[in-house]
Amino acid sequence: MDTRAAYRQCEEITWSQARNFSYGIRLLPPAKRRALAAVYAFARRIDDIGDGTMPAPDKLAALGGARASVTALAAGAAPAQPPAAGPDPVLIALADASRRFAIPLDAFGELIDGCEADVRGTTYGTFDDLLHYCRCVAGSVGRLSLGVFGTPDAAVAAPLADALGVALQLTNILRDIREDYRSGRVYLPAEDIQRFGCTLQAGGQDEPADNDKLAELVGFEAERARGWYQTGLRLMPLLDRRSAASAGAMAGIYFRLLEHIAAAPSSVLRRRVSLSTGEKAMVAARSLAGMARPSLAGAGR
C-alpha cells in the first residue's frame with residue numbers, strides 16, 4: 001500500500017469517528033491534516049481495544065501488541081505486519097508522519113497505560129490520582145498533536161498542551177458520568193465523592209442518583225476543569241495561525257460542552273449532553289477567523 005492511500009484511510013477513520021476533533025483537524029493545511037489524522041487513527045485503535053467487548057486478558061494482550069508496534073516505529077523500524085495480514089495503513093501513515101514531524105511517539109505508551117487502567121477497572125482516590133490518568137489518556141494526545149502543530153518553544157508549549165488535554169478529559173468524564181456508571185466505571189475521585197456526601201460506586205448497575213449533592217459535585221468538577229482550560233489555552237500564542245485555529249476549535253467545542261454542563265449540572269445524570277452540529281461548526285468557523293481562544297469570563301457561573 002502506498003503512503004497516500006494509507007493517509008486516505010486514516011482520514012476516513014477520523015472523519016467518521018472523531019465527532020468533535022474532526023472539526024479542528026480539517027482546519028489544518030494538508031500535510032499537517034494528514035499527519036494528525038494518522039495520530040488520531042492510531043489513538044482511536046488503542047481506545048477501541050480498551051472499550052471493546054473482548055475479555056480483559058485479550059484486551060491487555062492487544063494493547064501490548066499496539067505498544068510493541070509503536071515502540072518499533074519510535075526505534076525507526078518499518079511497520080511490522082502479522083504473517084497473514086496485509087499492510088496496516090494506520091502504521092504506514094503514522095511512520096511517514098513521524099518522519100515529517102516531531103511527533104513524540106512514546107506518548108502513545110502513556111495512552112496505552114491509561115487504557116490498561118480502564119481494562120483493570122482502576123478507580124481514583126484523589127484528584128492527583130485522576131490527574132495522572134488524564135495525563136495518560138489525554139495529555140498524551142495533546143503532546144502528540146503539538147508534535148504535528150509545531151512550536152518555536154516546545155519546552156514551554158508541551159506542558160500547556162498536556163494541560164489542555166487534561167481539561168478535555170475532565171469534560172469527557174463529566175459528560176459520560178451516567179454512561180460510565182452504568183458500565184461499572186467511576187472516574188471521579190473518591191475523596192470528592194465523600195466530601196459532597198454522594199453515593200457513587202464502581203460496579204453500580206442502577207442509574208446514578210439525580211440528587212442535589214451529586215449535582216453539586218459535578219458543578220465543582222466543572223469549575224476545576226475550567227482552571228485547566230485557563231492554563232491550556234495559553235498554548236495558542238505559541239502556535240502558527242492554522243494550528244491555533246485547529247487547537248482552538250477542538251478546545252472550543254469541549255469548552256462549550258463544559259459550559260452546558262456547568263449551567264445545568266444535573267443534566268449529565270439523566271442523559272448524555274452534546275452540542276449540535278451547528279454549534280460545532282460555529283466554533284470551528286470562529287477559530288478559523290482568528291477567534292481561537294474561548295472566552296472563560298463568567299462561564300459556568
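The structure this text deals with has already been given above.
Here goes a summary of the coordinates provided. Treat the numbers as computed from the prediction; the structure is a model and nothing was measured. Think of each chain on its own: its residues are numbered from 1, step by step along the sequence as written. Only residues with pLDDT of at least 70 are given local features in this predicted model, and only at 80 or more are side-chain atom pairs given and counted; all residues enter the totals for whole chains, interfaces and linings. To get the side-chain values, all heavy atoms of the structure are used, and hydrogens and water are removed first.

What about the packing of aromatic side chains?
Each aromatic ring pair is summarised here by two numbers: the centre-to-centre distance and the angle between the ring planes. Note the threshold: Geometry of aromatic contacts follows a simple scheme: Phe, Tyr and Trp rings, the Trp one being its six-membered ring, pair when their centres are within 6.5 Å, and the pair is stacked under 30 degrees between planes, edge-to-face over 60, tilted otherwise. Segments assigned H or I by DSSP are reported as helices when at least four residues long, segments assigned E as strands when at least two residues long, and all are numbered from the N terminus. A 1.4 Å probe rolled over the protein chains alone gives each residue an accessible area, and that area as a share of the maximum for its type sets the label: buried under 20%, exposed over 50%, partly exposed in between.
The tally for this structure, following the rule as stated, stands at eight aromatic pairs. When the centroid spacing of 6.5 Å and the interplanar angle of 85° are considered together, the rings of F21 and Y40 count as edge-to-face. Of the two residues, F21 is situated in helix α2 (residues 21-25) and Y40 in helix α3 (residues 30-51); the sequence distance between them amounts to 19 residues. Exposure remark for F21: the relative accessible area of 23% places this residue in the partly exposed category. With 6.4 Å between their ring centres and 15° between their planes, Y124 and Y187 make a pair best called stacked.

Some points on the packing of α3 against helix α7 (residues 127-149)
The line we're drawing: Axes here mean lines fitted to C-alpha atoms, for a helix over just the part in contact, with angles spanning 0 to 180 degrees between N-to-C directions. To sort the angles, those under 35 degrees are grouped as roughly parallel, those over 145 as roughly antiparallel, those from 65 to 115 as roughly perpendicular, and the leftovers as oblique. Helix crossings get a hand from a simple test, with the near helix turned counterclockwise from the far one by less than a right angle marking a left-handed crossing and a clockwise turn marking a right-handed one. Should any heavy atoms of two residues lie within 4.5 Å, those residues are counted as being in contact. Classes in brief: Ala, Val, Leu, Ile, Met, Phe, Trp, Tyr, Cys and Pro nonpolar; Asp, Glu, Lys and Arg charged; the others, Gly included, polar.
Close contact between α3 and α7 brings their axes to 9 Å; oriented N to C, the two are set at 160°. Relative to α7, the element α3 lies roughly antiparallel. Relative to α7, the crossing made by α3 is right-handed. The residues of α7 that touch α3, namely those facing K32, A35, L36 and V39, are L144, S145, V148 and F149. Counted by class, the contact of α3 with α7 contains six nonpolar, one polar and one charged residues.

What to know about the layout of surface pockets
Our working definition: Of the grid points, spaced at 1 Å and generated over the protein atoms alone, those admitting a 1.4 Å probe that cannot get out make up cavities, while open sets with protein on both sides within 12 Å along at least five of seven lines make up pockets; any residue with an atom within 4 Å of a point is treated as lining. Grid points are joined across faces, edges and corners, and a volume is the space filled by probe spheres set on the points.
Counted as a void, the largest pocket has a volume near 1300 Å³. Along the walls of the largest pocket sit 49 residues, with D47, Q169, N172, R175 and Y254 positioned nearest its centre. Considered class by class, the residues forming the lining of the largest pocket number 26 nonpolar, ten polar and 13 charged.

Some points on the nonpolar core
Note the following rule: The nonpolar core is taken to be a set of buried Ala, Val, Leu, Ile, Met, Phe, Trp, Tyr and Cys residues, with the residues joined through side-chain atoms within 4.5 Å.
The biggest cluster of nonpolar side chains holds 100 residues, and the ones touching the most others in it are F42, I46, F108, L130 and Y229. The leading source of residues in this core is helix α12 (residues 241-263), at 13 residues. With residues up to four places along the chain from it excluded, the contact list for F42 reads A66, V70, V90, L91, L94 and F108.

Concerning the environment of M250
Within the secondary structure layout, M250 lies in helix α12. When its relative accessible area of 9% is taken as the criterion, M250 is described as buried. Taking C-alpha positions, M250 is 10.0 Å from L164, a pair spaced 86 residues apart along the chain. If sequence neighbours within four positions are ignored, M250 has contacts with F21, G24, L36 and F149.

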